[in-house]
Amino acid sequence: MMQPIAGGAAARPFVTHHNTMDMELFLRIAPELYLKRLVVGGLDRVYEINRNFRNEGVSTQHNPEFTMLEFYQAYANYHDLMNLTEELIVFVANEVNGTMITNFNGVEIDLSKWHRFSMREAIINFWPSNAGAAPSLEAFNSSADISRYVLALRHGGHHLAYQEGEPLGKTIATIFETVAEEHLIQPTIIYDFPLAVSPLSKVKPDEPDWVERFEFYIGGFEVGNAFSELNDPSDQLARFQQQMAEKDRGDDEAHQMDEDYVRALAYGLPPTGGEGIGIDRLTMLLTGSRSIRDVILFPLLRQRTKSTANAEDTLIEPHGESAE
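Residues numbered from 1 in each chain as written. Predicted model: local features only at pLDDT ≥ 70, side-chain atom pairs only at ≥ 80, totals over all residues. Heavy atoms only, no water.

(A) Spotlight on the packing of aromatic side chains. A full pass over the atoms with the stated rule returns 6 aromatic pairs. Relative to phenylalanine 216, the ring of tryptophan 114 lies with its centre 5.8 Å away and its plane at 55°, an arrangement referred to as tilted. Within this pair, whereas tryptophan 114 is found in the loop between β7 (107-110) and β8 (115-118), its partner phenylalanine 216 is found in strand β11 (residues 207-218), the two being separated by 102 residues in sequence. Of the two residues, tryptophan 114 and phenylalanine 216, neither departs from the other in class, the shared state being buried. Positioned above the aromatic ring of tryptophan 210 is the side chain of arginine 120, whose terminal nitrogen or guanidinium carbon lies 3.8 Å from the ring centre. (Phe/Tyr/Trp six-rings, centres within 6.5 Å; stacked < 30°, edge-to-face > 60°. Helix = DSSP H or I, 4+ residues; strand = E, 2+ residues; numbered from the N terminus. Buried < 20%, exposed > 50% of the residue type's maximum accessible area, 1.4 Å probe, protein only. Lys NZ or Arg CZ within 6 Å of the ring centre and 35° of its normal.)

(B) Representation of the pairing of strand β6 (residues 101-104) within the structure. Alternating residues of β6 divide into Thr102 and Phe104, all buried, and Ile101 and Asn103, none buried. Where β6 folds back on β7, the antiparallel hairpin that results is connected by 2 residues, among which asparagine 105 adopts a positive phi of roughly 55°. (Pairing = 2+ DSSP bridges.)

(C) Molecular detail of the nonpolar core. In this structure, Ile89, Leu111, Phe214, Phe216, Ile218 and Val223 are the most contacted members of the largest nonpolar core, which totals 26 residues. Contributions of two or more residues to this core are made by β5 (65-74), α2 (78-97), β11, β12 (221-228) and α8 (279-287). The element contributing the most residues to this core is α2, with 5 residues. Apart from residues lying up to four places away in sequence, phenylalanine 216 is in contact with Thr85, Ile89, Trp114, Thr188, Ile189, Phe221, Glu222, Val223, Gly224, Glu275 and Ile277. (Core = buried A, V, L, I, M, F, W, Y, C linked by side-chain atoms within 4.5 Å. Contact = heavy atoms within 4.5 Å.)

(D) Representation of the sheet that holds strand β1 (residues 2-3). Pairing is antiparallel in the open sheet, where 3 strands are placed in the order β1-β3-β2. Two strands close off the open sheet at either side, each with one partner strand: β1 and β2 (15-18). The pairing of β1 with strand β3 (residues 23-27) spans 2 bridges and is antiparallel. Counterpart to glutamine 3 in the pairing with β3 is phenylalanine 26.

(E) Structural view of the packing of helix α6 (residues 233-248) against helix α7 (residues 259-268). Running from N to C, α6 and α7 point in directions that differ by 165°, and their axes come no closer than 9 Å. By the angle class used here, α6 and α7 are roughly antiparallel. Crossing geometry of α6 relative to α7 is assigned as right-handed. In this structure, α6 contributes Pro233, Gln236, Leu237 and Phe240 to the contact, and α7 contributes Tyr261, Val262, Leu265 and Ala266. In the contact of α6 with α7, the residues fall into 7 nonpolar, 1 polar and no charged. (Axes fitted to C-alpha atoms, helices over the stretch in contact; angles between N-to-C directions. Parallel < 35°, antiparallel > 145°, perpendicular 65-115°, else oblique. Left-handed = near helix turned anticlockwise from the far one by under 90°. Nonpolar A, V, L, I, M, F, W, Y, C, P; charged D, E, K, R; others polar.)

(F) Seen up close, unusual backbone geometry. A positive phi is found at aspartate 22, a non-glycine position, where the angle reads about 50°. Mapping aspartate 22 onto the fold places it in the loop between β2 and β3. Although it is not a glycine, aspartate 192 sits at a positive phi angle of roughly 65°. Among the secondary structure elements, aspartate 192 is positioned in strand β9 (residues 188-194). A residue is classified by how much of its surface remains accessible, and aspartate 192, at 6% relative accessible area, is buried.

(G) Examining the pattern of salt bridges more closely. Applying the stated criterion across every chain yields a total of 14 salt bridges. In this structure, arginine 213 and glutamate 215 form a salt bridge, with 2.9 Å as the shortest nitrogen-oxygen distance. Each member of the pair, arginine 213 as well as glutamate 215, is classed as buried. We note a salt bridge from aspartate 235 to arginine 239, for which the minimum N-O separation is 3.1 Å. Placement of both aspartate 235 and arginine 239 in helix α6 is noted, with a separation of 4 residues, approximately one turn of the helix. (Salt bridge = Lys/Arg side-chain N within 4 Å of Asp/Glu carboxyl O.)

Here's what the structure looks like:
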């Protein structure tokens, strides 16, 4: 879980120091690059139910330490994993609850009925009426066109974490999160992601700016992420170099070059599909828990301040005495 280079996902890591070896280490944000090394070594199907650590905000859907199922299957692609994902969630729901129906945030969800949209289709389908006409599919090829739609969303009262000059694909992903994500209550697979936000995914043969990646959503948030793995070492090297450029631009979720992983790919990674599923979030959905803290035994909490402690102490009566 301690790694010399943080990688496998876009997230801020926790940093620690190994005294004896006098080196900086990172608590892993994902096991991905090491599990794929195993596939390179001849283990065609690998999985781990793992603990990951991401130095990010705490909310009803996020805990800095969380559990994930991550698996890789050689000679599979993202279409194979879409089918496997639906089968897996249906099986788990039956095993846990004996039914496909779960209730989450006051909404009935049928885990046996799935929808599929490309990211571009989802943006068009869920485009808010107060932002004018929805973009056409052709608009996603133009930075100028997409910038106009960003302005339209802002005029409609939607806040976007958009930076001038960022890659087109990153802006498209931000638009998706803004207009579509909250509507994905019933089980939904969103596929075909921009290359700019997918440094480890294989490029679509007919669309070089898009990759063979999907995420699945239930209850309005992401539960899993999967893709056809990039197995071209030259392409991977270029992607890592792009990540380093993003890091230089101030992106604190971009990471340094992992030369050892590029070297592993040069030995040969077969065509492979890989996926990570958030166990805590899936547990929330299956148990109807509204906060991730309800499904973690020891969630991270703020430290009790002195003023809070004094206020609580005044409410505690000595044993055997009345309030008077």
